[in-house]
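Examination of the molecular architecture
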Amino acid sequence: MSIDALNTLKLSGLVVLLAPLLGAILAGALGPKVLRSRSHWPAILGVGAALAASINIFMTIYGAPAGEASARIPIYDWILSGAGSSFRVEFLIDPLTSLMLLTVTGISLLVVIYSRDYMREHDKPERGYERFFAFLALFVFAMVALVLGGNFLLLYLGWEAVGLCSYLLIGFYYSKPAAAAAAKKAFLVNRVGDFGFGLGILLIYLSFGTLEYGAVFEMVQNGVLASGEPLAQGRITAIALLLLCGACGKSAQLPLHVWLPDAMEGPSPVSALIHAATMVTAGVYMIARCGAIFTASTTAMTVVAIIGALTALFAATIALVQMDMKRILAYSTISQLGYMFLGIGVYAADSAVFHLFTHAFFKALLFLGAGSVMHAMGGIIDVRYFGGLRKLLPWTFLTFLVGSLALSGFPGLAGFFSKDEIIHHALSSHWILGGVGLLTALLTAFYTFRMVFLAFFGRERVPEGVHAHESGKWMLAPLLLLSVGAIGVGYLGVGAKPFHEFLAPVFEHTFVANNPAIWHGHASDHAGFWEHYGLMIVSGGLAIFGIIGAYFLYARELWIPGLVKATVPRTYKALLGKYFVDEAYDATIVTPARQVGRFCVGIDNWFIDGLIWFVAAVPRAIAYGLRLMHAGGMQGYGVSMVAGIAIIVVLLFWM
Amino acid sequence: MQTWLLTAIIFSPLLGVLLLWLPPRGSDRSIRRSALFYSVVTFGLAVFALFKFYGVAPTDSQGDPKYLLQHWSYWLGDVEVMGDVADVEILYHVGVDGISIWLMVLTAFLMPLAIWSSFTSVRTRVREYFSLLLLLEVGLLGVFCAMDLLLFYIFFEFTLVPLYFLIGIWGGPARRKAANKFFIFTLSGSVFMFAAVLFLAYYSYSDSGLALGYITLNIEKLSQLAHAGFISTSVQWWLFLAFAAGFAIKVPLFPVHTWLPLAHTEAPTAGSVILAGVLLKLGTYGFCRISLPMFPHATMTLAPFVACLAIAGIIYTALAAWVQTDVKKLVAYSSVSHLGFCILGLFSLKITRVNGAVIYMINHGLSTGALFLIIGYIYERYHTRDINEIGGLARKMPWLTFFLVFFTLSSIGLPGLNGFVGEFLVLLGTATSNTTNDLRAAGPLGYGYAIPAAIGIILGAVYMLWMCQRVLFGPLKEPPNTPDTSTGLSADLTGREIFILVPVAVLCLAIGVYPNPLLDTFTIATEQHVLRTPASHSWSVTEAGDDLQEEIKRADPMRLVESTSVNNLERVSVGNVGSDDLSTKKLGITPVFSSYPVTTPGMFLLNPVTKSSVAKTDHPETDAMTDGRSR
């Protein structure tokens, strides 16, 4: 890559990184006293600048000559790691980075714009308005750092920093105990994942003596350690699985998914941006980035695929019975992230990233739509309290419908193409994985439209005392733009597949080269008509079937769900209670750990101090004994004197 | 001027104390202000010393490592006349290297903040209170500058006295018990340490020991001899254990930590800040300054044992912290947990990781010090620290919330803030300790030690966030008749209180974003004084014949001691104070090597040649030869 291009990338990279940070600082510093109700401007401008720079980066990478679309750009030495060498702050910019940057900054900008109206009550800013925008911009900074970083340490930095912003934003309404608890839970569950992630990074350093992506991946591909010894299969599997731990935490995969539904306590724009479109996809990004490591271990890949498939199905079943629109969407997000993991696990990283890309659009759209409903319903989001809103909120309804169709995989919309690809690859890997994918697709369509029918169809009713009103233009504009995306972006992955072409250089030596399906001659692109389109027809059919099913059960024959509920009460309870995973964790980990803690304090207070008291008591007892001898009684002294003399005499004569 | 600079810094608070007592009856207000002023002067001097430190090279023209800003004068024993050899050479000897200078600056930095924070909280015996704080500072600064074991010991013990009174007089309800417990615990550890100091004095003189022909307690000299293999392993073992007794209680290391939670809970805010911020570091600093360099063999063998205690402590006290209802006790337990990491880093025996441990000391001093300040602010307003009685303060106290969350994040190691740098380097060091990736001999720990330590990091987040959630978030909960604003406090933090926290926060951020200036100076000090495995220049034989050189290459350093007569170790002219040596005058410092050359057959190992004259050698044999612990 030419020097000019590198300089452009460096400059743009710095702008993408620092403009949101500057926005955050300005919003935080000037917001309370100076900007007040205009506090959104620093965030909008900062993120806007970042988007512009991201586009610049994308164009530069897109225009780069073939084979040179990747650049490593050092910024400064951060932490001294050894004689003369440091862990650096450095960027790695390649097609994957540039796409992620576009997605992150693009969606962020729309969400920030949307929040301008959302965070107001009757056109007066809510309490903490400036804090909200400062945190939001800070999040963009952190997410960009995660994506741009050129080594594992920066990845970890971004990883923790997005976790922090998520913590701060989930707990935005800190006076609500549920929100404060959810924030803490999110941070802690993520920390559990990061425990593995951090150990994985340590193991990488231990094995390869560096944390820089390029150097590590090269050594993995050559199969050597830093010491020159061959790389053991067990070691690389361990590294991959430890990294996967972190991914499971951040992307809310089994068994660390518990924090994401609770995270819906945060404001809706936060759910849209952080807990649907960007942060939760960090795990997918990380695995795609570390393809060299993961594909070096078939065990790890299998685990990724299985976790993905299980999570997709598991979360979809819970979503079937939830009543809170945002929680339904949260479980749907977990399920869709499961698809992405499944895609990566079956060596279709480009499809997984494609699904990440399309999902960002339609899921952000759905969350913002739900936010719009919530805004109109005075903060209520439980579908039992309202219904038939399609007349009251026409634009919200329309855009929400588009998002729902895209999520369901309705033929022709974004979700259809990307999901179909993943299922296709899953089927060619193992029929069970593919089957789970198809079943989940059916469930997805069903629960999505269950929500649509419950909220927008049927008799019109709103919670008492609420004057439902359509949202203002600041909120509708992002909804419309995202709708366009939810309809259109899927076409980037059909025909000549420009999306996949663009990403191809990133994955060609990892996911493509190591794909066992391709070795065995199952290459999909040369299949016949039926193999090519058959699956599309099946999955499209399932989506339509799911939608019709939802219509039948929740718009026409409303008594059937009640009957089902009554016939299988235990299953229903298990689903409603989210399989009681939270309770299980509480009982098996949290409570015992606290008991151990109490036990430790007990040891401190009784055992250790008791032991020390005992040690002190021995000389004290001796001292009490000795004190008697110095009591001042003349007889006592006389007796001991005589005794002493007697002993001396005896000794003298006997020796 | 510069030779006296450290002495001036150490004793300037003492001068402050004298000045505080000069006016017969000053008002409380003026006493507070002048105490603050004196501590700021000390801080100014310390910063001046820091700049001086950066101005001079840490190695002299010979490539010899050196302490900077040194000064010594004879103290016990005869003042030496030219050519005549004194029998006792116990010096008043101060000097700093890249590690101690920063700890000294940290002390001088925290003290004004601690003093300033006491303006409203201390109302009785004001003059005594501030005098004791300043006296405490004298002791702390002295420990970090001392280069003679006896001096070190004296300062080390001296810190007990002011803190004993600070806790015992201005503390909480159970202050007497806390003060006694604190005093007795630390003193009993120190007894062993003192015995070890006495033994070393004997050992240096005795024919069966080092046979130097005179008594010395010079830390630098003793470490040199130890690294050249002149202190036998069994002696090192006993000495290590004796010193460890003193240091482990101070750190405090599990299971002798029980004095700390009580002392912290009962101490006044300023006492807690200094206790957590600096005093505990005396233990880790002692390990780093005395145990590691002077007893390298014992360190190497005992490190796994110490590391296990540290790890047990990390997890044990983290769990204990989680169930505390007193916020201050919670943070006190967290201190124990954090210092376990510090010990772990030290005993990984890898240069950059020891750096991690040292930066961990500084970070812990900043963030935990600040946490205690904040808890003090809460206590002043609500007269309680019980998590069950206060809650939801965020609504009322946005500034306090900001700082508490900030320092919590710093304490739980959020990347970008200071805590992360230390935590990361320590874990990295623990994990990679037994490798030779850095071209140095393998250390004693390994990846297996990093796993339980990493659990400690999760637990750290658990209890700190739990505390934040309970204290700051949720619905507002206050005890009746609070907040108490009778002493001129406002509901949220006052300008003074914010001003105290801001510099700490700025430092936390700065160290998190760009820690290299500190790490650089640590590296030199660690290489040359702690682990004594020079990387920048190769140590080679200059005064011995080729045959002997070959023999050394083959020989086990321990065996070498036995085969070489150590009796002909002799001291050659020790320069007088204020010698006319030109280089000394020019730099204003007195390099240690030029005045203590030890020319014996055994000591040629310690004659370095400069970087330019010999190509850097990374051969393991060479490392093994110069590095006594790498067997």
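What you see is a predicted model, and the numbers here were worked out from it, not measured in a lab. (Residues numbered from 1 in each chain as written. Chains lettered and ligands numbered in written order. Predicted model: local features only at pLDDT ≥ 70, side-chain atom pairs only at ≥ 80, totals over all residues. Heavy atoms only, no water.)

**Examining the overall build of chain B**
Selection rule: Each helix is a run of H or I in the DSSP string that is no shorter than four residues. Each strand is a run of E no shorter than two, and both are numbered from the N terminus. The cut-offs for exposure are 20% and 50% of the maximum accessible area for each residue type, with area from a 1.4 Å probe on protein chains only; residues under the lower value are buried, those over the upper are exposed, and the others partly exposed. Pairs of residues are marked as contacts when any of their non-hydrogen atoms sit within 4.5 Å.
A tally of helices and strands in chain B yields 24 helices and three strands. Taken over 631 residues, chain B has a buried fraction of 68%. Looking at chain B alone, contacts between residues at least 24 apart form 80% of all its contacts between residues at least 6 apart.

**Topic: the overall build of chain A**
The line we're drawing: Every accessible area reported is derived by Shrake-Rupley at a probe size of 1.4 Å, with residue values counting cover from the shown protein chains alone. Neither His nor the chain ends contribute to the count of charged residues, in which Lys and Arg are positive and Asp and Glu negative. The location of each charge is read from NZ of Lys, CZ of Arg, CG of Asp or CD of Glu.
Across its full length, chain A holds 26 helices and four strands. Each principal axis of the C-alpha distribution contributes one length, and for chain A these read about 120 × 65 × 60 Å. Classification of the 655 residues of chain A by burial places 58% in the buried group. Across chain A, the fraction of contacts at a sequence separation of at least 24, relative to all contacts at a separation of at least 6, is 79%. Accessible area for chain A stands at about 26200 Å²; split by element, carbon and sulfur atoms hold 70% of it. Taking the average place of the 39 positive charges on the side chains of chain A and the average place of its 35 negative ones, the gap between the two points comes to 11 Å.

**A look at the packing of helix α11 (residues 282-289) of chain A against helix α14 (residues 325-345) of chain A**
Residues and elements named next belong to chain A. Worth spelling out the cut-off: What counts as an axis is a line fitted to C-alpha atoms, over the stretch in contact for a helix, and the angles between N-to-C directions run from 0 to 180 degrees. Here is the rule for angles: anything less than 35 degrees is roughly parallel, anything more than 145 is roughly antiparallel, 65 through 115 is roughly perpendicular, and the remaining ranges are oblique. Ten residues, namely Ala, Val, Leu, Ile, Met, Phe, Trp, Tyr, Cys and Pro, are considered nonpolar, four, namely Asp, Glu, Lys and Arg, are considered charged, and the remaining ones, Gly among them, are considered polar.
Here α11 crosses α14 at 5 degrees, and the two axes come no closer than 10 Å. With respect to each other, α11 and α14 are oriented roughly parallel. Listed contacts from α14 to Gly283, Val284, Ile287 and Ala288 of α11 are Leu337, Met340, Phe341 and Ile344. Residue classes in the contact of α11 with α14 are distributed as seven nonpolar, one polar and no charged.

**What to know about the domain arrangement of chain A**
What counts here: Marked domain ranges trace back to an automatic or database domain assignment.
Split by domain assignment, chain A resolves into domain 1 (1-150), domain 2 (175-266 + 274-296), domain 3 (298-518) and domain 4 (581-654). Summarising the inter-unit geometry, the C-alpha centres of domain 2 of chain A and domain 4 of chain A are found 52 Å apart.

**Topic: the side chain of Thr186(B)**
Residues and elements named next belong to chain B. Here is the rule: Whenever two N or O atoms come within 3.5 Å, that pair is a polar contact, provided that in protein one can donate a hydrogen and the other can accept it, and provided that, for residues adjacent in sequence, both atoms are side-chain atoms.
Note that Thr186 resides in helix α7 (residues 175-205). Judged by relative accessible area, which is 2%, Thr186 ranks as buried. A distance of 2.5 Å separates a polar atom in the side chain of Thr186 from the backbone oxygen of Phe182. Each residue touching Thr186, except ones within four places of it in the same chain, is listed here: Leu160, Ile249, Lys250 and Trp259.

**With respect to the packing of aromatic side chains**
For any pair of aromatic rings, the description rests on two quantities: the centre-to-centre distance and the angle between the ring planes. Residue and element names in this part refer to chain B. Our working definition: Stacked, tilted and edge-to-face are the three classes assigned to paired rings of Phe, Tyr and Trp, where Trp is represented by its six-membered ring and a pair needs centres within 6.5 Å; plane angles under 30 degrees give stacked, over 60 edge-to-face, the rest tilted.
Across all of its chains, the model carries 66 aromatic pairs over all chains by this definition. Summarising the aromatic geometry, the rings of Phe152 and Tyr285 are spaced 6.5 Å apart at their centres and angled 25 degrees between planes, so their arrangement reads as stacked. Taken together, the residues Phe152 in helix α5 (residues 149-158) and Tyr285 in helix α11 (residues 269-294) connect sequence positions 133 residues apart. With respect to class, Phe152 is no different from Tyr285; both count as buried.

**Overview of the packing of α7(B) against helix α10 (residues 259-266) of chain B**
Residues and elements named next belong to chain B. We apply this condition: Here a crossing is taken to be left-handed if its near helix is turned anticlockwise relative to the far helix by less than a right angle, and right-handed if that turn runs clockwise.
The geometry of α7 relative to α10 is characterised by a closest axis approach of 9 Å and an angle of 140 degrees between their N-to-C directions. Accordingly, the angle class assigned to the pair α7 and α10 is oblique. The two elements α7 and α10 cross, and the hand of that crossing is left-handed. Contact residues: α7 offers Arg175, Lys177, Ala178, Lys181, Phe182, Phe185 and Thr186, while α10 offers Trp259, Leu262, Ala263 and Glu266.

**Here we look at the nonpolar core**
The condition is simple: By nonpolar core is meant a set of buried Ala, Val, Leu, Ile, Met, Phe, Trp, Tyr and Cys residues that side-chain atoms within 4.5 Å join together.
Core analysis: the biggest nonpolar cluster contains 444 residues, and Phe152(A), Leu243(A), Ile293(A), Phe294(A) and Phe407(B) have the highest contact counts within it. Contacts of Phe152(A), omitting those with residues within four sequence positions, involve Ile201(A), Ile204(A), Leu211(A), Tyr213(A), Val216(A), Phe217(A), Leu243(A), Cys290(A) and Ile293(A). Ala305(A), Tyr339(A), Ala348(A) and Val436(A) belong to the second largest nonpolar core, which has 14 residues in total.

**Quick notes on the environment of Leu329(A)**
Residues and elements named next belong to chain A. When you line up the elements, Leu329 lands in helix α14. Taking the C-alpha atoms as reference points, Leu329 and Thr8, 321 residues apart in sequence, are found 39 Å from one another. Sequence-distant contacts of Leu329, defined by excluding residues within four places in its chain, comprise Lys363, Leu366, Phe367, Ala370 and Met451.

**Points about the state of the cysteines**
We apply this condition: Disulfides are defined as cysteine sulfur pairs within 2.5 Å.
For the structure on display, the rule yields zero disulfides over all chains. Left without a disulfide partner, Cys308(B) is nearest to the cysteine sulfur of Cys600(A), which lies 17 Å away. Judged by its relative accessible area of 43%, Cys308(B) falls in the partly exposed class. Free cysteine Cys342(B): the closest other cysteine sulfur is in Cys288(B), separated by 8.7 Å.

**Quick look at the side chain of Ser408(A)**
With respect to the helices and strands, the residue Ser408(A) is situated in helix α16 (residues 394-408). With residues near it in sequence (within four places) discarded, Ser408(A) still touches Lys419(A), Ala441(A), Ala445(A), Thr448(A), Phe449(A), Ala543(A) and Ile547(A).

**Considerations on the interface of chain A and chain B**
Operational definition: Buried area is understood as the total, over both parts, of accessible area removed when two parts are fitted together, assessed with a 1.4 Å probe. One side-chain nitrogen of Lys or Arg within 4 Å of one carboxyl oxygen of Asp or Glu is enough to make a salt bridge.
Tallying the contact residues gives 49 residues for chain A and 56 residues for chain B. The largest share of the area that chain A buries against chain B comes from Leu80(A), Arg191(A) and Leu202(A), three residues that together contribute 14% of it. For the pair chain A and chain B, the interface holds zero salt bridges. Linking chain A with chain B are 15 residue pairs in polar contact (both at pLDDT 80 or more). If one sorts the elements of the side of chain A that touches chain B by residue count, helix α6 (residues 177-208) of chain A sits on top with 15 residues. Class assignment of the residues belonging to the side of chain A that touches chain B gives a composition of 33 nonpolar, seven polar and nine charged.

**Remarks on unusual backbone geometry**
Following Leu254(A), the chain continues into Pro255(A) via a peptide bond in cis, with omega recorded as -5 degrees. By secondary structure assignment, the location of Pro255(A) is in the loop between α8 (233-250) and α9 (259-262). Across the junction of Val251(B) and Pro252(B), the peptide omega takes the value -15 degrees, indicating a cis bond. With respect to the helices and strands, Pro252(B) occurs in the loop between α9 (233-250) and α10. One non-glycine residue, Ala252(A), lies in the positive phi region at around 55 degrees. Tracing the chain through its elements places Ala252(A) in the loop between α8 and α9. Although it is not a glycine, His383(B) sits at a positive phi angle of roughly 55 degrees. With respect to the helices, strands and loops of the structure, His383(B) is situated in the loop between α14 (351-382) and α15 (398-411).

**Some words on the pattern of salt bridges**
All names here are of chain A. For the structure shown, the criterion picks out 17 salt bridges over all chains. Taking the shortest distance from any N to any O, the salt bridge between Glu212 and Arg72 comes out at 3.1 Å. Taken as a pair, Glu212 in the loop between α6 and α7 (213-222) and Arg72 in strand β1 (residues 71-82) lie far apart in primary sequence, 140 residues in all. Residue classification places Glu212 among the buried residues on the basis of a relative accessible area of 11%. The class for Arg72 is partly exposed, based on a relative accessible area of 43%. The partner of Arg289 in a salt bridge is Asp94, and the shortest N-O contact between them spans 2.8 Å. Residue Arg289 is located in helix α11, and its partner Asp94 is located in the loop between β2 (85-93) and α3 (95-118); the two are separated by 195 residues in the primary sequence. With respect to class, Arg289 is no different from Asp94; both count as buried. Sharing partners across several salt bridges, the network here consists of Lys176, Lys185, Asp262, Glu265, Arg327 and Asp582.

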